[in-house]
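The residues making up each chain are set out below.
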Amino acid sequence: MALEKEYQQQKEKEVDYVKVANSPSFKKFMKDKKKFIVPWTIFFLIFYFLLPILTTYTTFLNTPAIGDISWVWLFAFAQFVMTWVLCMVYVKKANTFDKQADKIIEKIQKGGNDK
Amino acid sequence: MSPTVIILFLAIVLLTLVITYFAAKQTQTAGDFYTAGGGLTGMQNGLAIAGDYLSAASFLGIAGAIALYGFDGFFYSIGFLIAYLVVMFLVAEPLRNLGKYTLADMINSRFDARKVRGAAAFSTVTISTFYMIAQLVGAGALIQLLFGIDYWLAVLIVGVMMTVYVLFGGMTATSWVQIVKAVLLMAGMVIMSFLVLLRFNFNIGQMFTDMKTATSHGAAYLEPGLQYTDSLGTISLMLALVLGTAGLPHILMRFFTVRDAKTARSSVITATWVIGAFYILTLFLGFGAAAFVGESAILQANPAGNMAAPLLAQAIGGDLLFAFISAVAFATILAVVAGLVLSGASALAHDFYGQIIKKGKASEKEQVVAARTASLIVSVLAIVLALFAQYLNVAFLVSLAFCIAASANLPVILYTVYWKRFNTSGAVTAMLSGLISALVLVSISPSVFSPVEGAALFTGEPIFPLDNPALVSVPIGFLGGYLGTILSKEKDLRRYAEVKVKANTGYKASGSSH
């Protein structure tokens, strides 16, 4: 157990993480991730804060939409729908990220050379 | 008290003890104790996260808030749910890839500094303590009401039970109690919602029409503004709810109980579906309680509305459903406090004792003994504090825990994973400025000072206007981390490259060898 740990630590020392981080495939990976995560995070935070902002500064959401159900309830339910939809979108996208990550790990294990 | 209630209670308690017995046999190493050996599946862990999250405050509190305040009660449901998008998009996977047992482990994967670990452990203990007192005070009040026993006895019963789970069964027992409870709770919610909808002939539109005249608030019941009229106060509360979850130690700890980041992801997904469904159902419970139990009966049982859901069960399902829902509420409280004890104990035993005092050189046996001792210390401390905190407002304690989590923990987590320049000084200043500003602002807020005698802890004019200070303290946490970083010259780009590669790819993540 201890030996194995030592061996792993030794092996870990050999990995040049700066080189990995600067490799084109890792850079593309990070760029793809950022392109997905940043806009969607901004989107759901805006969508979320729009609800308390609109309900406390305005009253127009109180107009009826379907029968006696007003827009504010529809907006509240839309928050749930948005969460579930983003959940599914995320899973789908994350699976493609996994593939990219696996390729990078494979390269590190082969000796950290990215060509 | 009817025999049905007693039998159902005993059955659920017995079930949890059986789980603990089997879990105790499997708990031998520190890894078993803190993270169930990292062996939970995504589905199991997702249910356990849902179990951790759907606390008595969620179940009893939100149902009561919707019953009393209509739409404004629903704000909590929305905030608590969207919070999982923050967890999913920004926190869960890097956290799993970098950490081992605790939040401090994750931050220390980038900074080998004892002061950083100490600050992280300190904020974990603070948050867990506030949260635990809130749960125990709520539990005491509930058990007291249900069984007609004294408050101190009620707190003691819950306290001893939770200690037994954690002490003997560790994370395995705690997780399985959570899973069983999450399933029971969802079943109870579905049955109650079905019965409520039955009364409205399964016509949602009709339900809204009826609710316009069902309460003393008239049509205003269905509009926002019954409870939250102040714009900045509402936004501040919503900010604490949405960002706090991603910094709550007992939720973060759950991501170490799975094998890898992929499983962590699938557990957030399961949790998000279960929690979302749950919060939709809180609406039916709240409306049902307002319509079929009535405002005065709810307020009479408990001024905060905490008894709305059990009372509704009695009104629509008779004694049997009442007994079932009460027993599930009891199991809910037990499971959540057990999870909290574990997160507090991990900070004490793993971070303070194992890493800071013993410098990571404690033997496996020493670590397990330390973990159990710390659990006992945390449990006793929480029970004693809860006995003194009987008259504190529970909702205030919970929102304070969320606020500290959002202000002290979240900035550090995000900076550690995403900011190249971030350094040791920044990590310490981020945590301390977030933690201290949240505590100070709350102590001078309307929750603590009220001009009306008896309405808050002290009588007097509040200096700070917001009940929940997140709108100010979260930016202070981020700013503290930023200033602390740029004012110190220290930086380690090589180490950041390593963290970045590991966090994003899962390469050499601890536990992946299991």
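Here, the structure is the one placed above.
Residues numbered from 1 in each chain as written. Chains lettered and ligands numbered in written order. Predicted model: local features only at pLDDT ≥ 70, side-chain atom pairs only at ≥ 80, totals over all residues. Heavy atoms only, no water.

> Before we move on, could you go through the overall build of chain B and cite the residues and values that matter?
Each helix and strand counted, chain B has 19 helices and 2 strands in total. Principal axes of the C-alpha set define a box for chain B whose edges measure 65 × 50 × 40 Å. By residue count, 64% of the 514 residues in chain B fall in the buried class. When contacts within chain B are restricted to residue pairs at least 6 apart in sequence, long-range pairs at least 24 apart make up 82% of them. Taken as a whole, chain B presents about 17500 Å² of accessible surface, with 66% of it coming from carbon and sulfur. (Helix = DSSP H or I, 4+ residues; strand = E, 2+ residues; numbered from the N terminus. Buried < 20%, exposed > 50% of the residue type's maximum accessible area, 1.4 Å probe, protein only. Contact = heavy atoms within 4.5 Å. Areas by Shrake-Rupley, 256 points an atom, 1.4 Å probe, with all protein chains shown as cover.)

> Go over the nonpolar core with me, naming the residues and quoting the values.
Core analysis: the biggest nonpolar cluster contains 225 residues, and Trp73 of chain A together with Phe59, Phe89, Tyr279 and Phe287 of chain B have the highest contact counts within it. Examining the composition of this core, we find that 27 residues originate from one element, helix α14 (residues 308-357) of chain B, more than from any other. Apart from the residues lying within four places of it in its own chain, the contact partners of Tyr279 of chain B are Phe80 of chain A together with Tyr53, Leu54, Ser58, Ile62, Phe74, Ser77, Phe80 and Leu81 of chain B. (Core = buried A, V, L, I, M, F, W, Y, C linked by side-chain atoms within 4.5 Å.)

> I'd like to hear about the interface of chain B and chain A, residue by residue, with values.
Counting from both sides, the interface comprises 53 residues of chain B and, opposite them, 50 residues of chain A. Summing both partners gives a buried area of about 4800 Å² for chain B against chain A, and 77% of it is carried by carbon and sulfur. Inspection of the chain B/chain A interface yields 3 salt bridges. The partner of Lys212 of chain B in a salt bridge is Asp68 of chain A, and the shortest N-O contact between them spans 3.0 Å. At the boundary of chain B with chain A, the tally comes to 9 residue pairs in polar contact (both at pLDDT 80 or more). Going through the elements one at a time, α5 (71-98), α9 (204-214), α10 (231-244), α12 (261-293) and α19 (493-505) of chain B are the ones with two or more residues in the side of chain B that touches chain A. For the side of chain B that touches chain A, the element with the highest residue contribution is α5 of chain B, accounting for 14 residues. (Buried area = accessible area lost by both parts, 1.4 Å probe. Salt bridge = Lys/Arg side-chain N within 4 Å of Asp/Glu carboxyl O. Polar contact = N/O pair within 3.5 Å; in protein donor to acceptor, adjacent residues only side chain to side chain.)

> Tell me about the packing of helix α7 (residues 114-147) of chain B against α14 of chain B, residues and numbers included.
How two helices pack is summed up by the angle between their axes together with the distance between the axes. Residues and elements named next belong to chain B. Direction vectors running N to C along α7 and α14 enclose 160 degrees, while the axes themselves pass 9 Å from each other. By the criterion of interaxial angle, the relationship of α7 to α14 is roughly antiparallel. Classified by chirality, the crossing of α14 by α7 is left-handed. When its residues are assigned to classes, the contact of α7 with α14 shows 22 nonpolar, 9 polar and 3 charged. (Axes fitted to C-alpha atoms, helices over the stretch in contact; angles between N-to-C directions. Parallel < 35°, antiparallel > 145°, perpendicular 65-115°, else oblique. Left-handed = near helix turned anticlockwise from the far one by under 90°. Nonpolar A, V, L, I, M, F, W, Y, C, P; charged D, E, K, R; others polar.)

> Lay out the packing of aromatic side chains with the relevant residues and their values.
Under the criterion given, the structure shown has 46 aromatic pairs over all chains. For the ring pair Phe36 of chain A and Tyr90 of chain A, a centre distance of 6.2 Å and an interplane angle of 35 degrees mean the geometry is tilted. A residue pair is termed long-range when its members are at least 10 positions apart, and Phe36 of chain A in helix α3 (residues 24-57) and Tyr90 of chain A in helix α4 (residues 71-109) qualify at 54 residues. Each member of the pair, Phe36 of chain A as well as Tyr90 of chain A, is classed as buried. Ring centres of Trp419 of chain B and Tyr482 of chain B lie 5.7 Å apart, and the angle between their planes is 15 degrees; on these two criteria the pair is classed as stacked. Here the residue Trp419 of chain B occupies a position in the loop between α16 (394-418) and α17 (424-443), and Tyr482 of chain B occupies one in helix α18 (residues 470-486), the gap between them amounting to 63 residues. For Tyr482 of chain B, a relative accessible area of 37% gives the class partly exposed. Through a chain of ring-to-ring contacts, three or more aromatic side chains come together here, namely Trp73, Phe77, Phe80 and Trp84 of chain A together with Phe71, Phe74, Phe75, Phe208, Tyr221, Tyr228, Trp273 and Phe287 of chain B. Seen from the ring of Phe292 of chain B, Arg199 of chain B lies directly overhead, with NZ or CZ sitting 4.9 Å from the centre. (Phe/Tyr/Trp six-rings, centres within 6.5 Å; stacked < 30°, edge-to-face > 60°. Lys NZ or Arg CZ within 6 Å of the ring centre and 35° of its normal.)

> So what about the pattern of salt bridges? Which residues, and what values?
Overall, the coordinates contain 11 salt bridges over all chains when judged by the stated rule. As a salt-bridge pair, Arg117 of chain B and Asp105 of chain B come within 2.9 Å of each other at their nearest N and O atoms. Residue Arg117 of chain B is located in helix α7, and its partner Asp105 of chain B is located in helix α6 (residues 103-108); the two are separated by 12 residues in the primary sequence. For Glu498 of chain B, the salt bridge is made with Lys502 of chain B, and the minimal N-O distance between the two is 2.9 Å. Taken as a pair, Glu498 of chain B and Lys502 of chain B lie in helix α19 at a separation of 4 residues, close to a single helical turn. Assessed through its relative accessible area of 13%, Glu498 of chain B is described here as buried. A single salt-bridge network, built from bridges that share partners, covers Asp98 of chain A together with Glu93, Lys262 and Arg265 of chain B.

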